[in-house]
Amino acid sequence: MGEDRRLAAVVALAQGMAAAHGSREAWRAAAAGACRALGGSFAALSVWERELGRLRVLVNVGELAEGEEEFPEDEAYPVHQFAEITEFLHEQWAGGGEPDAWVETAEGPAAGRPGYCHQRVAALRRRGRGCCVVAPIVLHGRAWGELYVARPAGEAVFGRGDADFATVLASVVAAGLAQAERLEEVRRLAFTDSLTGLANRRAVDVRLEQAIERHRRDDVVVSLVVCDLNGLKRVNDTHGHAAGDRLLERFGSVLSLCGAMLPGALAARLGGDEFCLLAVGPPADQVVKAANELCRRAAELELGDGVACGVASTEDPIGPVRSARRLFRLADAAQYRAKAERAARPVVAGRAGPDDPVVRLADEPSREAGGERRRFRGRHAP
């Protein structure tokens, strides 16, 4: 491959990783870009899991052999099986500089600095591949994993120039992975409450819209628990805002613990003293049980005065739920009623009979004008 074509391949690889949304897309873009750049038929990206002493495959692309999957769940290899891992993948590179890539064939080593690796050679033969080039990936000055590109048996064997080029590609992949990590961190921060570590209102809005779409399409049960932590202002005024923050953090932990009773539930802080649990799939009674446990545990928190808790579920008799806004209004109305009545247990929308006051309050025409939160405050309970 000429210099111009190799430069174009490097640029394409970098652009592909930069355009990826999320880690999995970045892994796929890295492996696919390297596979094209090196003229391979198959490529894999693997990460070194130090704590488990293994090399775990993140993604396989190209012509997959029997048993290989694009995103394998459990394809991993003990590090001790690979001589080059012991030699190259340690905390600091012996002798300085970056590690070089190497080539192996179905007959043994071909180019670079490998030792004979029986496992790799056996894998090449077993999967009908004739050769591979392996390039260690260094991220943040430490061994991160490796890039692996193979060609079928009968095709030209990778040469020294290919190994050198693979070393360059591994550096480009490392830069792309670093960028993907930064973007993931930005996304995490954008959807996380900084005080409690729970999801924030933005995350709830996104997840709830998706959940209601699933409900409309597949009739999946969607339930929302909205909570108002009682006594926060008193704690702030009496003991200071540091104590108030500790109360919020402790309640956040309780919310997370109770949310674990509901598989896949999202625990979030909406802002101020308001929190919620979003559950998709579990039956309404299971959600109410978790909400009851939440109220019980919140009442035992030091300094606080318990929690006002409202529940709304598409499984209950609340009428059609065609929008996230309506389910939010229903849960908010239930929470408002719980607070007005100083209820020690959650109030559940739709369970007070045909003329349920929570449903009536949530569906008042004035509520459609917007501002579905805060509009309840300062009004008398129905």
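Residues numbered from 1 in each chain as written. Predicted model: local features only at pLDDT ≥ 70, side-chain atom pairs only at ≥ 80, totals over all residues. Heavy atoms only, no water.

Caption draft 1: Broad picture of the side chain of Ser46. One can find Ser46 in strand β1 (residues 42-49). In this structure Ser46 comes out as buried when scored by relative accessible area, which is 5%. Discounting chain neighbours no more than four positions away, the residues touching Ser46 are Leu55, Arg56, Val57, Leu58, Trp144, Gly145 and Glu146. (Helix = DSSP H or I, 4+ residues; strand = E, 2+ residues; numbered from the N terminus. Buried < 20%, exposed > 50% of the residue type's maximum accessible area, 1.4 Å probe, protein only. Contact = heavy atoms within 4.5 Å.)

Caption draft 2: Structural view of the packing of helix α2 (residues 23-37) against helix α5 (residues 160-190). One way to put it is that α2 packs onto α5 with a least axis distance of 10 Å and a crossing angle of 165 degrees. When the axes of α2 and α5 are compared, the pair comes out roughly antiparallel. By crossing handedness, the relation of α2 to α5 is classed as right-handed. Counted together, Ser23, Ala26, Trp27, Ala30, Ala34 and Ala37 of α2 and Phe165, Leu169, Val173, Leu177, Ala180 and Glu184 of α5 form the full contact between these two elements. (Axes fitted to C-alpha atoms, helices over the stretch in contact; angles between N-to-C directions. Parallel < 35°, antiparallel > 145°, perpendicular 65-115°, else oblique. Left-handed = near helix turned anticlockwise from the far one by under 90°.)

Caption draft 3: Local environment of the side chain of Asn60. Position of Asn60 relative to the elements: it lies in strand β2 (residues 54-62). Not counting residues within four places of it along the chain, the set of residues in contact with Asn60 comprises Phe42, Ala43, Ala44, Glu68, Glu69, Glu70, Pro72 and Glu75.

Caption draft 4: Representation of empty space enclosed by the protein within the structure. Evaluation of the coordinates by the stated rule reveals one cavity of 30 Å³ or more. Taken as a whole, the largest cavity holds about 50 Å³ of empty space. Lining the largest cavity, in full, are Met17, Ala18, Ala20, Gly22, Ala26, Gly176, Gln179, Ala180, Leu183, Glu184 and Arg187. Among the elements of the structure, α1 (3-18) and α5 are those that each provide at least two residues to the lining of the largest cavity. Ranked by the residues each element gives to the lining of the largest cavity, the list is headed by α5, at six residues. (1 Å grid on protein atoms, 1.4 Å probe; cavity = no way out; pocket = protein on both sides within 12 Å on 5 of 7 lines; lining within 4 Å. Points joined across faces, edges and corners; volume = space filled by probe spheres on them.)

Caption draft 5: Summary view of the pattern of salt bridges. According to the stated counting rule, one finds 23 salt bridges in the structure shown. Note that Asp285 and Arg351 form a salt bridge whose closest N and O atoms lie 2.8 Å from each other. With Asp285 in helix α9 (residues 284-299) and Arg351 in the loop between β12 (347-348) and α11 (357-362), the pair connects residues that are 66 residues apart, well separated along the chain. With relative accessibility at 39%, the residue Arg351 sits in the partly exposed group. Between Asp316 and Arg351 there is a salt bridge, with its nearest N and O atoms 3.1 Å apart. Note that Asp316 is positioned in the loop between β11 (307-313) and α10 (324-340) and Arg351 in the loop between β12 and α11, a separation of 35 residues in sequence. Ionic contacts of the salt-bridge type, sharing partners, join the residues Glu293, Arg296, Arg297 and Glu300 into one network. (Salt bridge = Lys/Arg side-chain N within 4 Å of Asp/Glu carboxyl O.)

Caption draft 6: Region of interest: the confidence of the model for the protein chain. When pLDDT is averaged across the protein chain, the result is 86; 87% of the residues are at 70 or more. Every residue in residues 91-95 is under pLDDT 50, and counting partners more than four places away or in other chains gives eight contacts. Segment residues 367-382 is flagged for pLDDT under 50; beyond a separation of four residues in sequence, or across chains, it makes 43 contacts in the model. (pLDDT = per-residue confidence, 0-100.)

Caption draft 7: Seen up close, the sheet that holds strand β10 (residues 274-280). Here we have five strands laid out as an open sheet, ordered β9-β10-β8-β11-β12, and mixed in their pairing. Strands at the two margins of the open sheet, each flanked by one partner only, are β9 (266-271) and β12. Pairing of β9 with β10 involves five bridges; the strand directions are antiparallel. Across the sheet, the residue bridging to Ala268 is Cys276, located in β10. Strands β8 (222-229), β9, β10 and β11 of the sheet are contacted by helix α8 (residues 241-259), whose axis makes an angle of about 15 degrees with β10. (Pairing = 2+ DSSP bridges.)

Caption draft 8: The packing of aromatic side chains, seen in detail. Under the definition given, this model contains two aromatic pairs. Pairing Phe42 with Tyr148 gives two aromatic rings, centres 6.2 Å apart and planes at 75 degrees, and the pair type is edge-to-face. Here Phe42, found in strand β1, pairs with Tyr148, found in strand β7 (residues 142-152); they are 106 residues apart in sequence, far enough to count as distant. Relative accessible area serves as the criterion here: at 3%, Phe42 is assigned to the buried category. For Tyr148, a relative accessible area of 10% gives the class buried. Note on Phe251 and Phe275: the rings are 4.9 Å apart at their centroids and 75 degrees apart in plane angle, and the pair reads as edge-to-face. (Phe/Tyr/Trp six-rings, centres within 6.5 Å; stacked < 30°, edge-to-face > 60°.)

Caption draft 9: Quick peek at unusual backbone geometry. Here Leu303, not a glycine, exhibits a phi torsion of approximately 80 degrees, which is positive. On the secondary structure map, Leu303 appears in the loop between α9 and β11. A positive phi angle, close to 50 degrees, is found at Arg342, a residue other than glycine. As for its placement among the helices and strands, Arg342 is situated in the loop between α10 and β12.

Caption draft 10: Region of interest: the nonpolar core. Leu45, Val133, Ile137, Leu147, Leu169 and Val173 are the most contacted members of the largest nonpolar core, which has 43 residues in total. Looking at this core, the elements with two or more residues in it are α1, α2, β1, β2, β6 (129-139), β7 and α5. The greatest single-element share of this core, amounting to 11 residues, is contributed by α5. When neighbours within four sequence positions are excluded, Ile137 is seen to be in contact with Leu45, Arg142, Ala143, Trp144, Gly145, Glu146, Leu147, Ala170, Val173, Ala174 and Leu177. (Core = buried A, V, L, I, M, F, W, Y, C linked by side-chain atoms within 4.5 Å.)

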